[in-house]
Amino acid sequence: MDKEEGMAVKDSAESYVTDDGRTIGGVLMDIRSITLRFGGVTAINDISFDIREGEIRAIIGPNGAGKSSMLNVISGFYVPQEGEVWFRGALRPPMKPYQVARQGIARTFQNIALFEGMSVLDNVMTGRLNHMNSSMWSQALWLGRAEAEEHENRERVERVIDFLEIQHIRKTPVGRLPYGLKKRVELARALSAEPELLLLDEPMAGMNVEEKEDMSRFILEVNDEFGTTIALIEHDMGVVMDLSDRVVVMDYGRKIGDGTPHDVRNNQEVIDAYLGVSHD
Amino acid sequence: MPDQVLFAMEAAINGLMAGVLYALVALGFVLIFKSSGIFNYAQGVFALFAALTLVGIMEGQVPFQHLINAIFGTELHGFGWETPAILAVVLTVGVMVVLAIAVERLILRHLVNQPDIILFMATIGLAYFMEGFGDLMWGADIKKLDVGLPQGGSFWIEENTAWLGGDGFYGFFIDRLDIVATIAAAILVIGLTAFSQFTKQGRALRAVADDHQAALSVGISLRFIWVLVWSIAGIVALVAGIMWGSKSGVQFSLSLIALKALPVLMLGGFTSIPGAIVGGLIIGMGEKLFEFLIGAPFLGGATENWFAYVLALLFLVFRPQGLFGDKIIERV
Ligand SMILES: Nc1ncnc2c1ncn2[C@@H]1O[C@H](COP(=O)(O)OP(=O)(O)OP(=O)(O)O)[C@@H](O)[C@H]1O
Ligand SMILES: [Mg+2]
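All values derive from a computational prediction rather than experimental measurement. (Residues numbered from 1 in each chain as written. Chains lettered and ligands numbered in written order. Predicted model: local features only at pLDDT ≥ 70, side-chain atom pairs only at ≥ 80, totals over all residues. Heavy atoms only, no water.)

This part covers the overall build of chain A. Along the backbone of chain A there are 10 helices and 12 strands. The buried share among the 280 residues of chain A stands at 54%. In chain A, of all internal contacts separated by at least 6 residues, the share reaching a separation of at least 24 is 67%. On chain A, roughly 12300 Å² of surface is accessible, and the fraction owed to carbon and sulfur atoms is 49%. (Helix = DSSP H or I, 4+ residues; strand = E, 2+ residues; numbered from the N terminus. Buried < 20%, exposed > 50% of the residue type's maximum accessible area, 1.4 Å probe, protein only. Contact = heavy atoms within 4.5 Å. Areas by Shrake-Rupley, 256 points an atom, 1.4 Å probe, with all protein chains shown as cover.)

See the structure below:
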């Protein structure tokens, strides 16, 4: 069943409450007129949209539409030729990916980027690197403050691991895991950073129906329980309709639709873009 | 036990001790290669430069004194003081850190995303530059390095092992400097392991070594890690430089220990720290034993120069990923 069926999203900055009782706040991130070119290819062509606090925002579009590029711009991996990114009401200066991460924006990758040689636990622990403040020496010598900090971090990581139901593989080297579990570990690492904004690039690609259901449930729960704002790219229209509050539709680098899942599905331009395009 | 067996054992033990040094140099290579994918050709020169700097500081030399004298017509020779060894080591560590920062600022930063071969070429350039720079800074003459480490054979070991053999055997001859080097290397490796396992920076370092993209996404600054890792490699080079320099003096040939590290890397794999250590020990012991058992009696000696490479090449044929390296699987 679609969320938000028939409900219009207010354009104002005021917060509102969704049908399922979640509060959507003001604008958290504002993307203004972003253009990104690779040589002759215009991957993103003058796109603007916003992401509101507490919402699940989907980005959809056919292959090569520029969705991943958009996520890469937001997370600092790509530097756009034109346009501005506003975060928490302030214009963001050009930033390296690690600086963006330190601002409270975590992400996963379409092709999974995990530390293959490390255990699941170690992978998830790296998500907490920016929550560790004690000095190198006190850590090396395991002094009081560092020890307390390590315990605190460990506890939070264990909570994320329990939440995503990956306790049974905590000590397994990531390289040995099947694809579906890797996707879940990557989400765990992003979550352990306790991000304000979570970017997910095709979190369910290549999963079977059961795995997709699990992943959908996790995404909804993260959003619901921690109030985390989520922007996600997804090809499965059913999933998009179920999960998202609002959808941006891209095609050939342009934005061709923006609104509730219901609006977008009935938009003729969107229907045309998807006609004859196979999507898994 | 027959004396011949005991002499072979002595050769093997001394080989192990020499292997510790090879392992140290190889370790410097592995650290940098793992974290940045760069084969740092300059690692051997780093050891030379570190040792030169240490001697220079200990003897109170004025850096660039020849240059200064030539330009200003002065007759500077030294500050006229001597720096205690411990303090000089600390200062040299500082110099190696500054060097690491300079390498990141002036070279690495501008070459990100360039093909590996370009970065390799850059380190060749760096090696020759550092060699000249070291000469310019501290002079090209051969220097004696004495940081107060014990030298010469250990009488204690000799006396207590003499009974093992007959009249022709006087006990194992083991240089005390080699023993110190082994202990220092062990402490260094334990320290490095603790650092990488139990500190935030160590965890970040392992993350970068594993996957750059993923590391960036969890908020790790690659530049910081590069400075860190080149600093550590500089410190490892300093330790190797001290050991080698104490033994054979500080001179150009010190930079050639890098050549000994190559077969170690082929054997141990370019990305494995245990591989560098075990590889160093195998090469060190292998070349001494081969020289003793086959080289000297049958081949006219001096096999130590090439045996390591033959061993490594043989090994490459059967296990190209090295002892502990990741298995190479061709993706199609
Ligand atoms: N690093 C890059 N260098 C050059 N071209 C790129 C790069 N990244 C993306 N592109 C190009 O930009 C366009 C958009 O790619 P992008 O990966 O953003 O699409 P997408 O919508 O995520 O597609 P998919 O659904 O297949 O993941 C494509 O033409 C792609 O070839
Ligand atoms: Mg994509």
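Glancing now at the interface of chain B and chain A. Every contact between the two is made by 21 residues of chain B and, on the other side, 26 residues of chain A. Taken over both partners, the interface formed by chain B and chain A buries close to 2200 Å², and the fraction arising from carbon and sulfur atoms is 62%. Area buried by chain B at its contact with chain A is led by K200, R203 and V218 of chain B, which between them contribute 30% of it. If you look at where chain B meets chain A, you find two salt bridges. Between E150 of chain A and R203 of chain B there is a salt bridge whose closest N-O contact spans 3.3 Å. Viewed at the interface, chain A and chain B are joined by eight residue pairs in polar contact (both at pLDDT 80 or more). For the side of chain B that touches chain A, the secondary-structure elements that each account for two or more residues are helix 7 (176-198), helix 8 (200-210) and helix 9 (212-217) of chain B. (Buried area = accessible area lost by both parts, 1.4 Å probe. Salt bridge = Lys/Arg side-chain N within 4 Å of Asp/Glu carboxyl O. Polar contact = N/O pair within 3.5 Å; in protein donor to acceptor, adjacent residues only side chain to side chain.)

Here the magnesium ion (ligand 2) is held by S68 of chain A (OG) and Q110 of chain A (OE1), and the distances to it run 1.9 to 2.1 Å. With S68 of chain A in helix 1 (residues 67-74) and Q110 of chain A in the loop between strand 8 (105-107) and helix 3 (120-126), this residue pair connects regions lying 42 residues apart in the sequence. (Donors = N, O, S within 2.8 Å, 3.2 Å for Na, K, Ca; no water.)

What follows covers helix 8 of chain B. With eight of 11 residues buried, helix 8 of chain B lies mostly within the body of the structure. Buried within helix 8 of chain B are the following residues: Q201, G202, R203, A204, L205, R206, A207 and V208 of chain B.

Moving on, we get to the pairing of strand 6 (residues 82-87) of chain A. Residues and elements named next belong to chain A. For strand 3 (residues 27-38) and strand 6, the ladder comprises five bridges, and the chain directions are antiparallel. Among the inter-strand pairings, M29 is bridged to a residue of strand 6, identified as F87. The pairing of strand 6 with strand 7 (residues 90-91) spans two bridges and is antiparallel. Bridging from a neighbouring strand, F87 pairs with A90 of strand 7. (Pairing = 2+ DSSP bridges.)

This brings us to the domain arrangement of chain A. When the parts of a complex come together, some accessible area is lost, and that lost area is often used as the size of the interface. All names here are of chain A. Split by domain assignment, chain A resolves into domain 1 (1-95 + 196-214 + 229-280) and domain 2 (105-194). Each partner contributes to the interface: domain 1 provides 21 residues, whereas domain 2 provides 14 residues. Summed over both partners, the interface of domain 1 with domain 2 comes to about 1400 Å²; 55% of that surface belongs to carbon and sulfur atoms. Area buried by domain 1 at its contact with domain 2 is led by L198, L199 and D201, which between them contribute 29% of it. (Domains from an automatic or database assignment.)

Moving on to the packing of aromatic side chains. Centre-to-centre distance and the angle between the planes together describe a pair of aromatic rings. The final tally for this structure, using the stated rule, is 17 aromatic pairs over all chains. Between F79 of chain B and W81 of chain B, the aromatic rings sit 4.6 Å apart at their centres with planes inclined by 10 degrees, giving stacked as the arrangement. Accessibility expressed as a relative area gives 47% for W81 of chain B, which makes it partly exposed. Each residue in the set F29, F33, F39, Y41, F120, Y128 and F270 of chain B is aromatic and connected to the rest through ring pairs, giving one cluster. The ring of F218 of chain A carries the charged tip of R217 of chain A above its face, separated from the ring centre by 5.0 Å. (Phe/Tyr/Trp six-rings, centres within 6.5 Å; stacked < 30°, edge-to-face > 60°. Lys NZ or Arg CZ within 6 Å of the ring centre and 35° of its normal.)

Residues and elements named next belong to chain B. Helix length check: helix 5 (residues 116-138) (23 residues) gives 32 Å between terminal C-alpha atoms against 33 Å at 1.5 Å per residue, within 8%. Among all positions in helix 5, only L119, T123, L126, A127, M130, G134, M137 and W138 are buried. Where helix 5 is buried, its residues meet helix 2 (43-58), helix 3 (65-72), helix 4 (85-111) and helix 10 (222-248). (Expected span 1.5 Å × (residues − 1).)

Residue and element names in this part refer to chain A. Around ligand 1, 14 residues are found, and the nearest of them are G64, K67, S68, S69 and Q110. One nitrogen or oxygen atom from the main chain of A65 is found 3.2 Å from an oxygen atom belonging to ligand 1. Q110 has a polar side-chain atom sitting 2.8 Å from an oxygen atom of ligand 1. Coverage of ligand 1 by the protein chains reaches 64% of its 630 Å² of free accessible surface. Broken down by secondary-structure element, the contributors of at least two residues to the shell around ligand 1 are strand 4 (41-52) and helix 1. (Near = heavy atom within 4 Å.)

Time to look at the confidence of the model for chain B. Overall, the predicted model of chain B reaches an average pLDDT of 88, with 97% of residues at or above 70. Listed scores for the predicted complex are pTM 0.85 and ipTM 0.88. (pLDDT = per-residue confidence, 0-100.)

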